[in-house]
2 protein chains.
Amino acid sequence: MVGSVGNGLLDLGGREKVEPLPKEFDPEEIVDSLLHSESNIVGKEEDGTSRKIVLGRNVHTMCLEVKEPEADDEITGEREAYMAGVLARYRRSLIDRTKHHLGYPYNLDFDYGALIHLQHFSINNLGDPFIESNYGVHSRQFEVGVLDWFARLWELEKNEYWGYITNCGTEGNLHGILVGREVFPNGILYASKESHYSVFKAARMYRMECVKVATLVSGEIDCTDFRAKLVQNKEKPAIININIGTTVKGAVDDLDLVIQTLEENGFKDRFYIHCDGALFGLMMPFIKRAPKVTFKKPIGSVSVSGHKFVGCPVPCGVQITRLTHINALSSNVEYLASRDATIMGSRNGHAPIFLWYTLNRKGYQGFQKEVQKCLRNAHYLKNRLKEAGIGSMLNELSSTVVFERPKDEDFIRQWQLACEGNIAHVVVMPNVTIEKLDYFLRELLEKRSHWYQEGTISPPCLAAEIGEANCLCFSHKN
Amino acid sequence: MVGSVGNGLLDLGGREKVEPLPKEFDPEEIVDSLLHSESNIVGKEEDGTSRKIVLGRNVHTMCLEVKEPEADDEITGEREAYMAGVLARYRRSLIDRTKHHLGYPYNLDFDYGALIHLQHFSINNLGDPFIESNYGVHSRQFEVGVLDWFARLWELEKNEYWGYITNCGTEGNLHGILVGREVFPNGILYASKESHYSVFKAARMYRMECVKVATLVSGEIDCTDFRAKLVQNKEKPAIININIGTTVKGAVDDLDLVIQTLEENGFKDRFYIHCDGALFGLMMPFIKRAPKVTFKKPIGSVSVSGHKFVGCPVPCGVQITRLTHINALSSNVEYLASRDATIMGSRNGHAPIFLWYTLNRKGYQGFQKEVQKCLRNAHYLKNRLKEAGIGSMLNELSSTVVFERPKDEDFIRQWQLACEGNIAHVVVMPNVTIEKLDYFLRELLEKRSHWYQEGTISPPCLAAEIGEANCLCFSHKN
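Under an unreviewed UniProt entry, the name given to chain A is Serine decarboxylase, and the source organism is Zingiber officinale. As recorded by UniProt, the Sequence similarities (unreviewed entry) comment attached to chain A reads in full: "Belongs to the group II decarboxylase family." Under the Catalytic activity (unreviewed entry) heading, UniProt states for chain A: "L-serine + H(+) = ethanolamine + CO2".

What follows is the structure, encoded as structure tokens:
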């Protein structure tokens, strides 16, 4: 079965017993054990033997089929029993998958128990958060409170910003780049090649010219290359995506140097900067030595994800831009009694309440403590990896630890590591404790000793990805 | 206060006592009654006296400020108490607003109690639903089950479709039109002027030429005008947005006539049709006499909302397109171990479970019963309005009752009616019962008798909006 992670972890180096992982959620089991029906009632597997990227096919690896209820279902209760079984089994798999997660920048440690009685309302913030809609089941008052908090964080006055709570970081990037394009319709989009793929998706969607800029080994934008590309395109304004934490290496682009490069090359008042702060946009303000992301600098928009550092059961994000820019985008829509400068018209009204709740509970001080803990634990992980002879890298302002890609796909999947080429990463979020990292490290070292047994294959060289200084391959380890 | 609906409804025509509505959620009250603190702790109102559309301003009409916790909050529990108070009051307002809702096509009648134990997981279906991601806390197996169901509904084979669960109807339209543009890069977008505003937003985002087509009084696309506009633009392919239920009048465009018009005017194999089925896309298949939306006809994509007819606490939708079209859009993204042909990268993983749950419980038969009930109740409302001398219209395949816009904005807001010009509408969803309609009608007639007292102003003429036959103004009532 694809995604099966059921191989034994029982006795790792004799240090302690670890409970065996439950197998990945297998709908067929439910059928067999619960209902004794044919297997095609619940789920099926097609082409489930190998896991690969297939363009232009929809491969039904696993699917819980929707079946028409039987006429007597209401009497027998069979349907209810079947569904309860599916859901209970699914819940167990979620618990396991949540426990064994290290690769994505999601804080899985949150408690929204206090909000449970709001979950069944159809809360929808249609259109612009600052303009009442006729639809009454909304949460605008929470949304605006959250937006005010972020505007203050990034130093934009209450009457000078506009923003909304998005569905995810991608929507923030799509919005910021669209605002940039409306401000400079013939502008060229510049983004470092390590930018999130949504930036390049935006260029294509919006039919914008797009120039990819090289990066340093750290993952930061290479301003020498940026300068060269600007000089080649002097006649058109520049729209720049700045990464406040790249996806793979957690690298923070040097905002001040980018602005300086623009101004020194004749782009003064002819540029728009969007800051993609998906993860670190909310962590950086709490790190004293970090350069500031602030609207006191000539930036146009900042976006950040809500389900990442804050933690939230639904993907969401915050988008803040200058009010002066938004006129270019908005249009009156009488139907909603709302103009709509958002990308999505209907917006999840639960997300603002989750964010409002956490911001109120933790506050600046709470976040600061969590950021410190994340950075500390990230350093711990990096040091332990180095001690064990595994090439790894940790950018100064980051909690993303990049290291040698584990050789075994099952191991990668079990720990849900995000990988690219020869490298993988762990993003140390507030829910990633030292205990969890130790558990992970024990298992990694145990497995790795089998992958690279003496005399056979060697670990890959990572110099191209993380630099010679961080690589511990055969050629670079001294 | 903006949005206050507290005026008495106590004795309506002596028929029965109706409980007075609680006032709209007023955060200041909480402060006064619960905490006796300064009013700026919780909420504030700025410019709250009138309600209007303001371009280029963010008007903070109501906002629940996020405050930094006090140092002793953990000891005193004040913060917890304050938040609990805010949330309890908010919940009460949601109950009221949910009860008095008629204007938007949202089925507010659902029970997802069985899913309560899944609500606290951070479920995220990153990227393509058919390709596993490394992130394990997902619900792809539910999502694909739901997509299969919809593909079957619209008659596209399992191995010939591609789709995903979107954040809302708007995302479906954005996706469908983008697919159309990728198939015909120099195509012109045609849409009737009564199409949802997201269609015109898409044209602007994607830098597409867009031609607005006139409509009949019913709200359907006017194919005579469509033909004329096609003939003027013969050299470029056509991308057409078809409305399966327009937003305001619930009008269903004549798909067969549109296809015939295209083929007769030299556009054979040079067109792409996106069907915006936001609401009726899921109701029409259950109406026997309704023309069929099916992929056996030359259409490219269909989208439908999940929070409308099905009912769902979060906005969501379903997008189905032909697999052959999707290659044009997709790109490999190693980071996610997923190519991404969706618009949003992170996608709410709870939505597919809600949909899966309802589809399984209700099935085709359940939906059919509900559709019949909606149409029956819509006819009841229209007939009662006509009897009372109020101009109104109900399209044959629709449960959207269009009628004279109530004169009083408070009344409109109380019942959350959607309005445009002189008309308002009620969308009869499964949760709108005869009792609710009677309650609404009683109040409307009572109020209206004051608005149009003899000898003063008369009700507006609606002939331009709903046709002379449906208008009951002074000139048209005979």
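Back to the write-up after that little detour.
Caption draft 1: Region of the structure containing the overall build of chain A. Of the regular secondary structure elements, chain A holds 14 helices and 15 strands. Across the 478 residues in chain A, those meeting the buried criterion constitute 65%. A total accessible area of about 17,300 Å² is found for chain A, and carbon and sulfur atoms account for 49% of it.

Caption draft 2: How the structure looks around the pattern of salt bridges. According to the stated counting rule, one finds 40 salt bridges over all chains in the structure shown. Salt-bridge contacts for A:R448 lead to A:E404; the nearest nitrogen and oxygen are separated by 2.7 Å. A residue pair is termed long-range when its members are at least 10 positions apart, and A:R448 in helix α13 (residues 434–451) and A:E404 in strand β13 (residues 400–404) qualify at 44 residues. Assessed through its relative accessible area of 12%, A:R448 is described here as buried. Owing to a relative accessible area of 5%, A:E404 belongs among the buried residues under this scheme. Among the ionic pairs, B:R289 bridges to B:E396, the shortest N-O distance being 2.7 Å.

Caption draft 3: Focus on the relation of the copies chain B and chain A. Once chain B has been moved 0.0 Å along the axis and rotated by 180°, it coincides with chain A to within an RMSD of 0.0 Å. Such a turn and shift between the copies fits a two-fold axis. Considering only C-alpha atoms, the part of chain B nearest the rotation axis is B:Y206, at 2.4 Å. A share of 99% of the interface residues of chain B reappears at the interface of chain A, consistent with the copies meeting face to face through the same patch.

Caption draft 4: The UniProt feature "modified residue: N6-(pyridoxal phosphate)lysine" (unreviewed entry) in chain A, seen in detail. Under the present numbering, the feature "modified residue: N6-(pyridoxal phosphate)lysine" (unreviewed entry) in UniProt falls on A:K308. Position of A:K308 relative to the elements: it lies in helix α9 (residues 307–311).

Caption draft 5: The arrangement of unusual backbone geometry in detail. All names here are of chain B. Even without being a glycine, E155 presents a positive backbone phi close to 60°. Positionally, E155 belongs in the loop between α4 (140–153) and β5 (161–166). Of note in the backbone geometry, Q416 takes a positive phi value of approximately 50° without being a glycine. By the secondary structure assignment, Q416 is in the loop between α11 (409–414) and β14 (418–420). Residue class for Q416 comes out buried when judged on its relative accessible area of 0%.

Caption draft 6: Highlighting the packing of aromatic side chains. Overall, the coordinates contain 46 aromatic pairs over all chains when judged by the stated rule. Measuring from centroid to centroid gives 5.0 Å for B:W149 and B:F150, while their planes differ by 75°, and the two rings are edge-to-face. Across this residue pair, the class does not change: B:W149 and B:F150 are buried. Among the aromatic residues, those joined into a cluster by ring pairs are A:W149, A:F150, A:W154, A:F286, A:F309, A:Y364 and A:F367. Seen from the ring of A:F267, A:R270 lies directly overhead, with NZ or CZ sitting 5.0 Å from the centre.

Caption draft 7: Structural context of the environment of B:N233. Residues and elements named next belong to chain B. In this fold, N233 is placed in the loop between α7 (223–232) and β8 (238–243). A relative accessible area of 14% places N233 in the buried class. Considered as a pair, N233 and V211 are 22 residues apart in the sequence and their alpha carbons are 9.8 Å apart. The residues contacting N233, other than those within four sequence positions of it, are I188, Y190, V211 and F267.

Caption draft 8: Region of interest: the environment of A:F110. By the secondary structure assignment, A:F110 is in the loop between α3 (78–99) and α4 (140–153). Along the chain, A:F110 and A:P352 lie 242 residues apart, while their C-alpha atoms are 15 Å from each other. Beyond its immediate sequence surroundings of up to four residues, A:F110 is in contact with A:G311, A:C312, A:P313, B:H120, B:F121 and B:S122.

Caption draft 9: Region of the structure containing the interface of chain B and chain A. Counting residues at the interface gives 139 residues for chain B and 138 residues for chain A. Contact between chain B and chain A buries roughly 12,000 Å² in total, counting both sides, with carbon and sulfur atoms accounting for 57%. One can count four salt bridges joining chain B with chain A. The shortest N-O distance in the salt bridge between A:R361 and B:E80 comes to 3.6 Å. Between chain B and chain A we count 37 residue pairs in polar contact (both at pLDDT 80 or more) in total.

Caption draft 10: Focus on the packing of helix α11 (residues 350–387) of chain A against helix α3 (residues 78–99) of chain B. Orientation of α11(A) relative to α3(B), taken along the N-to-C sense of each, is 165°, at an axis distance of 11 Å. When the interaxial angle is binned, α11(A) and α3(B) end up roughly antiparallel. For the pair α11(A) and α3(B), the crossing hand works out as right-handed. Packed against α11(A), whose contacting residues are A:I353, A:W356, A:Y357, A:N360 and A:R361, the element α3(B) presents B:R79, B:E80, B:Y82, B:M83, B:V86, B:L87 and B:Y90 at the interface. Across the contact of α11(A) with α3(B), the residue classes tally to eight nonpolar, one polar and three charged.

Caption draft 11: Structural detail: the side chain of A:S195. Residue and element names in this part refer to chain A. Turning to its location among the elements, S195 is positioned in the loop between β6 (188–192) and α6 (197–205). A distance of 2.7 Å separates the side chain of S195 from the backbone oxygen of S192, its partner in a polar contact. Among the polar contacts listed, one links the side chain of S195 to the side chain of N243, at a separation of 3.1 Å. For S195, the residues in contact, after removing those within four places along its chain, are F200, N241 and N243.

Caption draft 12: Structural context of the confidence of the model for chain A. Residues and elements named next belong to chain A. Chain-level statistics for chain A give a pLDDT mean of 85 and a share of 85% at 70 or above. Confidence drops under pLDDT 50 across residues 1–56; counting only partners more than four residues distant or on other chains, this segment forms 122 contacts. Interface confidence in the predicted complex, given as ipTM, is 0.86; pTM for the same model is 0.87.

Caption draft 13: Focus on the sheet that holds strand β14 (residues 418–420) of chain A. All names here are of chain A. Read across the open sheet, the four strands follow the order β12-β13-β15-β14; overall the sheet is antiparallel. Of all strands in the sheet, those with a lone pairing partner are β12 (392–394) and β14, marking the two edges. Across the sheet, the mean angle from the axis of one strand to that of its neighbour is 25°, orientation sign disregarded. Across three bridges, β14 lies against strand β15 (residues 423–427) in antiparallel orientation. Along β15, the bridge assignment pairs E420 with I423. Along the sheet, α11 contacts β12, β13 and β15; its crossing angle with β12, the most-contacted strand, is approximately 160°.

Caption draft 14: Summary view of the nonpolar core. Counting 278 residues, the largest nonpolar core has A:F150, A:I273, A:W356, A:F440, B:F150, B:I273 and B:F440 as the members making the most contacts within it. Discounting chain neighbours no more than four positions away, the residues touching B:F440 are B:L102, B:L381, B:F403, B:F411, B:W415, B:L417 and B:V426.

Caption draft 15: Main features of the sheet that holds β5(B). All names here are of chain B. Strand order across the open sheet formed by seven strands is β5-β11-β10-β9-β8-β6-β7, with mixed pairing between neighbours. Two strands close off the open sheet at either side, each with one partner strand: β5 and β7 (210–213). Put simply, the sheet's adjacent strands are angled 15° from each other on average, direction ignored. α4 rests against β5, β10 (301–305) and β11 (317–322) of the sheet, and its axis sits at about 120° to β5. Against the sheet, helix α5 (residues 169–183) touches β5, β6 (188–192), β8, β9 (271–276), β10 and β11, its axis set at about 175° to β9.

Caption draft 16: Fine view of helix α10 (residues 350–387) of chain B. Residues and elements named next belong to chain B. Given a rise of 1.5 Å per residue, 38 residues ought to cover 56 Å, yet the end C-alpha atoms of α10 are separated by just 45 Å, more than 12% below that figure. Of all bends in α10, the biggest is about 80°, found at G363. Following α10 by one or two positions, G389 has its phi on the positive side, about 80°.

Here is what the cut-offs are and how they apply
- Positions within a chain are numbered from 1, following the residues in the order the chain's sequence is written.
- Lettering of chains starts at A and numbering of ligands starts at 1, both following the order in which they are written.
- In view of the model being predicted, local features appear only for residues whose pLDDT reaches at least 70, and side-chain atom pairs are presented and counted only at 80 or more, with totals across whole chains, interfaces and linings using the full set of residues.
- Processing note: side-chain calculations cover all non-hydrogen atoms of the structure and skip hydrogens and water entirely.
- UniProt positions are given in the numbering used here, feature names are shortened, and annotations may be inferred rather than shown by experiment.
- Put simply, DSSP H or I for four residues or longer makes a helix, DSSP E for two residues or longer makes a strand, and each gets a number counted from the N terminus.
- Between buried and exposed lies partly exposed: a residue is buried under 20% and exposed over 50% of the maximum accessible area for its type, with that area taken using a 1.4 Å probe on protein chains only.
- Here the open area of atoms and residues is found with the Shrake-Rupley method and a 1.4 Å probe, where only the protein chains shown may cover a residue.
- Between Lys or Arg on one side and Asp or Glu on the other, a salt bridge is scored when a side-chain nitrogen of the former is within 4 Å of a carboxyl oxygen of the latter.
- To superpose the copies, least squares is applied to the C-alpha atoms of every residue with a pLDDT of at least 70 in both.
- The contact definition used throughout considers only heavy atoms, calling two residues in contact when any of these lie within 4.5 Å.
- Note on aromatic contacts: the rings of Phe and Tyr and the six-membered ring of Trp form a pair at centre separations within 6.5 Å, being stacked when their planes are under 30 degrees apart, edge-to-face when over 60 apart, and tilted otherwise.
- Lysine and arginine charges are scored as sitting over a ring when NZ or CZ, respectively, is within 6 Å of the ring centre and within 35 degrees of the ring normal.
- Joining two parts hides part of their accessible area as seen by a 1.4 Å probe, and the buried area is that hidden amount summed over both.
- N or O atoms closer than or at 3.5 Å make up a polar contact, with two conditions inside protein: a donor-capable atom paired with an acceptor-capable one, and, for residues adjacent in sequence, both atoms drawn from side chains.
- Simply put, an axis is a line fit to the C-alpha atoms, just over the touching stretch for a helix, and the angle between two N-to-C directions goes from 0 to 180 degrees.
- Working rule for angles: under 35 degrees goes down as roughly parallel, over 145 as roughly antiparallel, 65 to 115 as roughly perpendicular, anything else as oblique.
- A crossing counts as left-handed when the near helix is turned anticlockwise from the far one by less than a right angle, and as right-handed when that turn is clockwise.
- Charged means Asp, Glu, Lys or Arg here, nonpolar means Ala, Val, Leu, Ile, Met, Phe, Trp, Tyr, Cys or Pro, and polar covers whatever is left, Gly included.
- Per-residue confidence from the predictor is given as pLDDT, running between 0 and 100.
- If DSSP finds at least two bridges between two strands, the strands pair.
- In this text, buried Ala, Val, Leu, Ile, Met, Phe, Trp, Tyr and Cys residues form a nonpolar core when linked through side-chain atoms within 4.5 Å.
- To estimate the expected span of a helix, subtract one from its residue number and multiply by 1.5 Å.
- The term bend refers to the angle at a residue between two fitted axes, each drawn through seven residues, those ending there and those starting there.

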